[in-house]
Amino acid sequence: MRNRTRVEYLLAAAMLGGLLATGCMLGRIQPGSAAYVHVAANGVVTFWGAPVALDKLPKRLKEAGVKPNTLIKIVPHGEVSNRILHGLATNLGRNGLPKVVIVEPRKAVTMVDGQTVEEVAADEDNPQPSRIP
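Residues numbered from 1 in each chain as written. Predicted model: local features only at pLDDT ≥ 70, side-chain atom pairs only at ≥ 80, totals over all residues. Heavy atoms only, no water.

**Student:** In this structure, what is going on with the overall build of the chain? I would like to understand it.
**Tutor:** Secondary structure assignment for the chain yields three helices and eight strands. Expressed as a percentage of its 133 residues, the buried residues of the chain come to 21%. By sequence separation, contacts in the chain at least 24 residues apart represent 56% of the contacts at least 6 residues apart. Of the roughly 10000 Å² that the chain leaves accessible, carbon and sulfur atoms contribute 57%. (Helix = DSSP H or I, 4+ residues; strand = E, 2+ residues; numbered from the N terminus. Buried < 20%, exposed > 50% of the residue type's maximum accessible area, 1.4 Å probe, protein only. Contact = heavy atoms within 4.5 Å. Areas by Shrake-Rupley, 256 points an atom, 1.4 Å probe, with all protein chains shown as cover.)

As structure tokens, this is what we get:
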């Protein structure tokens with residue numbers, strides 16, 4: 001078995017450093033785009049699919065390149081209490097990230113013969129279609 005030369009080690013270190021630098025650049029918010037923070041009904045907060053503790057969220061966002069003028073969109077999933085949503089927005093504002101909006105959940109609708117039919121709840125038998133103005 002032959003010994004590795006110093007050049008081979010330097011080349012391997014340079015390649016590893018390049019991969020790590022590229023990985024760090026890919027995990028950053030692009031200028032002009034919004035950061036999306038998702039909140040589940042059970043209160044779990046995620047950013048880029050990874051759970052984040054509430055007290056660590058501002059730091060994690062800043063590490064990802066979020067600046068004070070970057071728009072942060074809080075997206076609730078399910079029945080998330082207003083107290084949690086507003087507390088999260090307040091926490092971000094106190095930590096230098098004041099540009100926060102809470103996204104309203106969208107309601108699923110169906111189009112039937114040019115009319116919008118609202119989603120039918122389980123206990124309703126006859127949905128009432130509404131005309132599009």
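That covers the picture; the talk isn't over yet.
**Student:** Just to check I follow, could you spell out the environment of S81 for this structure?
**Tutor:** With respect to the helices, strands and loops of the structure, S81 is situated in the loop between β4 (72–77) and α3 (82–94). Expressed as a C-alpha distance, the spacing of S81 and A41, which sit 40 residues apart in the sequence, is 7.8 Å.

**Student:** Hey, could you run me through unusual backbone geometry in this one?
**Tutor:** For residues that are not glycine, phi is negative in most cases, and the peptide bond is trans in most cases. Backbone geometry at W48 places phi at a positive 55°, although glycine is not the residue there. Tracing the backbone shows W48 in the loop between β2 (45–47) and β3 (50–51). W48 gets classed as partly exposed once you look at its relative accessible area, which sits at 43%.

**Student:** Explain the pairing of β4 to me, please; I cannot follow it from the model alone.
**Tutor:** A regular strand places its side chains on the two faces of the sheet in alternate fashion. As paired elements, strand β1 (residues 35–40) and β4 share six bridges and run parallel to each other. From the neighbouring strand, Y36 faces β4, where its bridge partner is K73. By the bridge criterion, three bridges tie β4 to strand β5 (residues 100–102) in an arrangement that is parallel. Bridged to I74 within β5 is I102. (Pairing = 2+ DSSP bridges.)

**Student:** I'm lost on the nonpolar core in this one. Help?
**Tutor:** Where a protein is soluble and globular, its nonpolar side chains tend to be buried together. Of all hydrophobic cores here, the largest spans 19 residues; its most connected members are V37, F47, L57, L61 and I72. No other element matches α3, which puts four residues into this core. Beyond its immediate chain neighbours, meaning those up to four positions away, F47 contacts I29, A35, Y36, V37, V52, L57, R60, L61 and A64. (Core = buried A, V, L, I, M, F, W, Y, C linked by side-chain atoms within 4.5 Å.)

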